[in-house]
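These are the residues of each chain, in order.
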Amino acid sequence: MTQTTPGPSPSTAAAVSSGPAYRPDIDGLRAVAVMLVVIYHIWFGRVSGGVDAFLMISAFFLTGSLLRSWETRGSVRPLQRISRNFRRIVPLAAITVALTSIGSFFLLPASTRVGFIQQAWASLFYFENWKLAFSSIDYYADNATASPFQHFWSLSVQGQVFILWPILFFIAALVLRNLGQARRRTAALYMLSAIFVASLACSIVSTATRQEFAYYDTFSRLWEFAAGGLLAILLPRIHGPKWLFAALGWLGIIGLLSCGAVLDVQSGFPGYLALWPILSVAAIIISGSDPNVRFAPSRFLANPVLLKLGTWSYAIYLVHWPLLIFALNSKGGEHLTWLEGTCLILVSIALAWIMTTLVDQKLRNWSWPDRNWRRSLAVVLVFLVLGSTVIGSTQVSATIAANEQEAAAESGSPKNETHPGARVLDPTWTKEVPTDVPLIPLPHQLDEEWGTLPHSCAEMTPAVPDTLVNTCGMTEFQRGAFTLGVVGNSHPEQWLPALEAIADDQGWNLMAFLKGACKFAIRDPDSYDDPVFGADCRSWNDAVLDYLAEADPDAVLTIGTSTAPADATSPSDWGEKEAVVRGLDEAVERLQASKIPVVLLRDNPRFTFNAYECAIQDSTGSDCSVSRSQALAPYNPSLPLAGPGVSILDMSDILCPNGTCPAEIGNVAVYRDTNHLSLAYTETTVFALQPRLMRALSIAQ
């Protein structure tokens, strides 16, 4: 018998006369791998390397099956293989996606609905890994709340390989159709060796330069599948003394169990460090290939308990993660206790048993789809339609709820009366603020809460370098008008609506050079957590300074300080926890050398929690406030930089009135996440920002 379903999946023995003997120890190995994943996720909040074990096992069986088809029949039928593999994995995956979509709608913050619906579609159609990959390097993507679909990244990679591997073997069989049977295994060995070397090299480089992207990148993971395939090809040729096989197996067990404890899998994989679990699994599989080895771990792995867990392993993997995310959200992000974690593990196993018994095993025992690939594909399509229907219904419900909220927010008095925001801090404000209107921005509007300017800089004179054009925006240019440049990361960006209103009122030109996570400063790239990003940020700042020296704006505004995340337990005496941006002094000196006045805006508070989600969940907002002494230094750290050509702009009293930094003021959420001000709020600060900016500019000049 042969097992053919890859990935974290149940036992999938299918009768194939030419296949090898059934390996119960590998079903047990699946159980060990899935429990490593679950236990590390739930109890330790870490990644174990168990998923890499699944990828290895997946490719071991997939390659073995394809190779036997090529060797015995001289060909590979890709449509039959692809449809059959997806028939085995799609049903439970589609059910999980559907149920998770419903749970996300009712149990998770409304602000996450749009993003999670998109991830539901990505998970159902096996491209969740790419969505997460590009989101991981997108500074403006909202990754503050863990996704209940995040674990589908590995299933997406597997699904893509389910398509790629049969096609590769089909092409090989077609191109080498005159190759003798004895040499087909050798040809497959060369093909997978090339993939292994190329992908591993790519993985090492990509992990060193863009680890967040590489973690989810299919191309950086192909070598793990190639390793499983190579093991399937070479295993019949591997021989040795029984004591060596036993020792090799136990070393593999120790290596697999210790991987997550010794290595930082989340931050270090899938480069060469991922060889650890891959080689561990290879050692275990090699050890169990000889059933006569008395003290090999294969006997332990084949015990009835692990075999049962192995049968349910695919479903356990599917359900444990969304259950964990829902549980963490119900606790406000606090870690589960050991008892709570144990209960969650038991619930995951129980649900997995139900899903496997009622759905998976029923479909496996149904002979009708086995007759041809079209019938297998029909089963796949039925479950994809089922999942699509639920996701689509959730999407419609989210849209209806968003429209109702928007209608409620816009009904009644003008918005500056129902949602005055910072205007309530104006001493001249005398109106009563209503209490029966929803907070703005509304959850579905958060993606629009990033500052932009309406025009591209492509037509500017002097010409903006190509390296800066995509990070530059401006108002409609007026020749001879006062020009204010705004430079830095997302923190000056959040003030653009208010600055644009002031520029429009004063007849100014407003130009912004903004790069997410890149503070305006001149720093050594090695001083960044990510030296690759540090080098990119340094070169960007150098290019901006060179352009500003040539363009000669009338003044430049940037952020002068940097704050650290705070909550109600933060120490009251922050000292250096709010400090001048490192390297800012050198950037200011270069602007001064070009005789460009500089305005340094004090940074806003940051929080250890999502202030927006807290605000919309807590009607009073009282639990979302942090005292000013916990969020900001006792004085503005950038004050010593003030002098000829440099002035200070401080809006902290508008963000932290009366000694408190709230998440909501005047029916407007002050923040959109943990540290970015909402545009809805900064738009309401013009009454205070304009006179202070005018004064700062007059001082600087």
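Residues numbered from 1 in each chain as written. Predicted model: local features only at pLDDT ≥ 70, side-chain atom pairs only at ≥ 80, totals over all residues. Heavy atoms only, no water.

Asker: Tell me about the sheet that holds strand β11 (residues 598-601), residues and numbers included.
Answerer: Strand order in the open sheet formed by seven strands is β3-β4-β6-β5-β7-β11-β14, and the pairing between neighbours is mixed. Both edges of this open sheet fall to β3 (455-456) and β14 (646-649), since each of them pairs with a single strand only. Sheet strands touched by helix α19 (residues 496-506): β5 (483-488) and β6 (509-514). Its angle to β6, the strand with the most contacts, is close to 160 degrees. Here helix α20 (residues 531-551) sits on the sheet and contacts β5, β6 and β7 (555-559); the angle it forms with β6, its principal contact strand, is near 155 degrees. (Pairing = 2+ DSSP bridges. Helix = DSSP H or I, 4+ residues; strand = E, 2+ residues; numbered from the N terminus. Contact = heavy atoms within 4.5 Å. Axes fitted to C-alpha atoms, helices over the stretch in contact; angles between N-to-C directions.)

Asker: Can you explain the pairing of β11? Please cite residues and give values.
Answerer: The alternating pattern of β11 places Val 598 and Leu 600 and Val 599 and Leu 601 on opposite faces, both of which are buried. Looking at chain direction, β7 and β11 are connected through four bridges and run parallel. Bridging across to β11, Leu 557 finds its partner in Val 599. With four bridges connecting them, β11 and β14 associate as parallel partners. For Val 598, the partnering residue across the bridge sits in β14 and is Val 646. (Buried < 20%, exposed > 50% of the residue type's maximum accessible area, 1.4 Å probe, protein only.)

Asker: For the nonpolar core, give the residues involved together with the corresponding values.
Answerer: Within the largest apolar cluster, 123 residues are counted, with the highest numbers of intra-cluster contacts made by Trp 70, Val 90, Trp 165 and Phe 169. It is helix α13 (residues 304-330) that provides the largest number of residues to this core, a total of 14 residues. If sequence neighbours within four positions are ignored, Trp 70 has contacts with Ser 75, Val 76, Phe 169, Ala 172, Ala 173, Leu 176, Arg 184, Ala 187 and Ala 188. Leu 496, Ala 566, Val 670 and Ala 696 belong to the second-largest nonpolar core, a separate cluster that totals 54 residues. (Core = buried A, V, L, I, M, F, W, Y, C linked by side-chain atoms within 4.5 Å.)

Asker: Give a detailed account of the environment of Ser 698, specifying residues and quantitative values.
Answerer: As for its position among the elements, Ser 698 is in helix α26 (residues 686-700). Separated by 264 residues in the primary sequence, Ser 698 and Pro 434 place their C-alpha atoms 39 Å from one another. Within the structure, Ser 698 has its side chain in polar contact with the backbone oxygen of Arg 695 (distance 2.7 Å). (Polar contact = N/O pair within 3.5 Å; in protein donor to acceptor, adjacent residues only side chain to side chain.)

Asker: Account for the environment of Leu 514, with residues named and values stated.
Answerer: Among the structural elements, Leu 514 can be located in strand β6. As a C-alpha pair, Leu 514 and Val 556 span 42 residues in sequence and 13 Å in three-dimensional space.

Asker: I'd like to hear about the confidence of the model for the protein, residue by residue, with values.
Answerer: Should the pLDDT be low somewhere, the predicted coordinates at that spot are not to be read in detail. Taken as a whole, the protein shows an average pLDDT of 90; of its residues, 94% reach a score of 70 or greater. In the model, residues 9-18 has pLDDT below 50 throughout and makes 35 contacts with residues more than four positions away in sequence or in other chains. (pLDDT = per-residue confidence, 0-100.)

Asker: If you had to explain the state of the cysteines to someone new, which residues and values would you point to?
Answerer: This model, assessed by the stated rule, comprises four disulfides. There is a disulfide in this structure between Cys 457 and Cys 472, and the S-S distance comes to 1.9 Å. Note on the Cys 457 and Cys 472 pair: the S-S dihedral is about -70 degrees, so by sign convention the disulfide is left-handed. Note that Cys 457 is positioned in the loop between β3 and α17 (466-469) and Cys 472 in strand β4 (residues 472-474), a separation of 15 residues in sequence. Through a disulfide, Cys 518 is tied to Cys 537; the S-S separation comes to 1.9 Å. Residues Cys 518 and Cys 537 are joined by a disulfide whose S-S torsion is about 95 degrees; by sign, that bridge is right-handed. (Disulfide = S-S within 2.5 Å.)

Asker: Talk me through helix α9 (residues 242-262); I want residue IDs and the actual numbers.
Answerer: Taking 1.5 Å per residue as the helical rise, α9 with its 21 residues ought to reach 30 Å, and the 29 Å between its terminal C-alpha atoms agrees with that figure. The largest bend along α9 measures about 30 degrees and falls at Leu 256. Considered for burial, the residues of α9 that qualify are Phe 245, Ala 246, Gly 249, Gly 252, Ile 253, Gly 255, Leu 256, Cys 259 and Gly 260. If you follow the buried residues of α9, they end up packed against α1 (24-44), α2 (50-73), α10 (265-268), α11 (275-288) and α12 (297-301). (Expected span 1.5 Å × (residues − 1). Bend = angle between axes of the 7 residues up to and from the residue.)

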